[in-house]
Amino acid sequence: ILNVEQSPQSLHVQEGDSTNFTCSFPSSNFYALHWYRWETAKSPEALFVMTLNGDEKKKGRISATLNTKEGYSYLYIKGSQPEDSATYLCACYNTDKLIFGTGTRLQVFP
Amino acid sequence: EPEVTQTPSHQVTQMGQEVILRCVPISNHLYFYWYRQILGQKVEFLVSFYNNEISEKSEIFDDQFSVERPDGSNFTLKIRSTKLEDSAMYFCASSGVRVPLNEQFFGPGTRLTVL
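Here is a short report on the structure shown in this document. (Residues numbered from 1 in each chain as written. Chains lettered and ligands numbered in written order. Predicted model: local features only at pLDDT ≥ 70, side-chain atom pairs only at ≥ 80, totals over all residues. Heavy atoms only, no water.)

**Examining the pairing of strand β3 (residues 19-24) of chain B**
Residues and elements named next belong to chain B. Residues Val19, Leu21 and Cys23 point to one face of β3 and are all buried, whereas Ile20, Arg22 and Val24, pointing to the other face, are not buried. With three bridges connecting them, strand β1 (residues 5-7) and β3 associate as antiparallel partners. Each bridged residue has a counterpart across the sheet, and for Thr5 the counterpart in β3 is Val24. Of the strand pairs in this sheet, β3 and strand β8 (residues 75-79) are connected by five bridges, and their pairing is antiparallel. Within β8, the position partnered with Cys23 by the bridge is Phe75. (Buried < 20%, exposed > 50% of the residue type's maximum accessible area, 1.4 Å probe, protein only. Helix = DSSP H or I, 4+ residues; strand = E, 2+ residues; numbered from the N terminus. Pairing = 2+ DSSP bridges.)

Here it is, written out as structure tokens:
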């Protein structure tokens, strides 16, 4: 059974701090890694889909890297803002479904 | 921007009752999914649906569950006889193409509470 893990479970940072969190997954039979941002009462929103080892993707102040050989991905947020407060989910694609990690709940205090 | 919608946003039901959760996927999408998240646990896959049939289902998706695309727009999840442990947030998702690179677009979820 494919097991995806995320750490930390939760994170509290001050506005302006940069932060990062980790997604770990089995490196064998890897197809793709998805990052989602999920604000309470809203739809999870896709941030990145990554497939290649060494991939780096960026969207504004948020970026992500992928290491498929060792089975991890990092999500970075530069200069966190209160509106970045959300749960960040990673998920591995596996035969037409997504296998999710536990999520990292980020709170950014003004 | 097109989005996936779900109704109702919150459903409360008595144990043993049938519930139908409704979703309207993005209109030109072909692949449809249901996931759920029990409070404090991971989001978990229930079922995928393509070309009017189930493509894949998880162990959770037993005989009490069924999915249907009754017309060209709705995608429903039915739970025939709800149990307490079915209480969860249920998410519908859709995608245009079935490849790993393609993102799945999620709805906002229906919170099901079984009493």
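Past the structure itself, the notes keep going.
**Things to note about the pattern of salt bridges**
Inspection of every chain in the model, using the stated rule, returns eight salt bridges over all chains. Residue Arg37 of chain A pairs with Glu45 of chain A through a salt bridge whose shortest N-O separation is 3.7 Å. We classify Arg37 of chain A as buried; its relative accessible area is 11%. For the salt bridge of Glu44 of chain B with Arg36 of chain B, the shortest nitrogen-to-oxygen distance reads 3.1 Å. Each of Arg37, Glu39, Lys42 and Glu45 of chain A takes part in salt bridges that share partners, so that together they form one network. (Salt bridge = Lys/Arg side-chain N within 4 Å of Asp/Glu carboxyl O.)

**Here we look at the state of the cysteines**
Counting across every chain of the model gives two disulfides over all chains. Cys23 of chain A shares a disulfide with Cys90 of chain A; S-S distance 2.0 Å. The S-S bond linking Cys23 of chain A to Cys90 of chain A shows a torsion near 80°; that makes this disulfide right-handed. Here the residue Cys23 of chain A occupies a position in strand β3 (residues 19-24), and Cys90 of chain A occupies one in strand β9 (residues 86-94), the gap between them amounting to 67 residues. Two residues share a disulfide in this structure: Cys23 of chain B and Cys92 of chain B, whose sulfurs sit 1.9 Å from each other. Disulfide Cys23 of chain B to Cys92 of chain B: torsion about the S-S bond roughly -60°, handedness left-handed. (Disulfide = S-S within 2.5 Å.)

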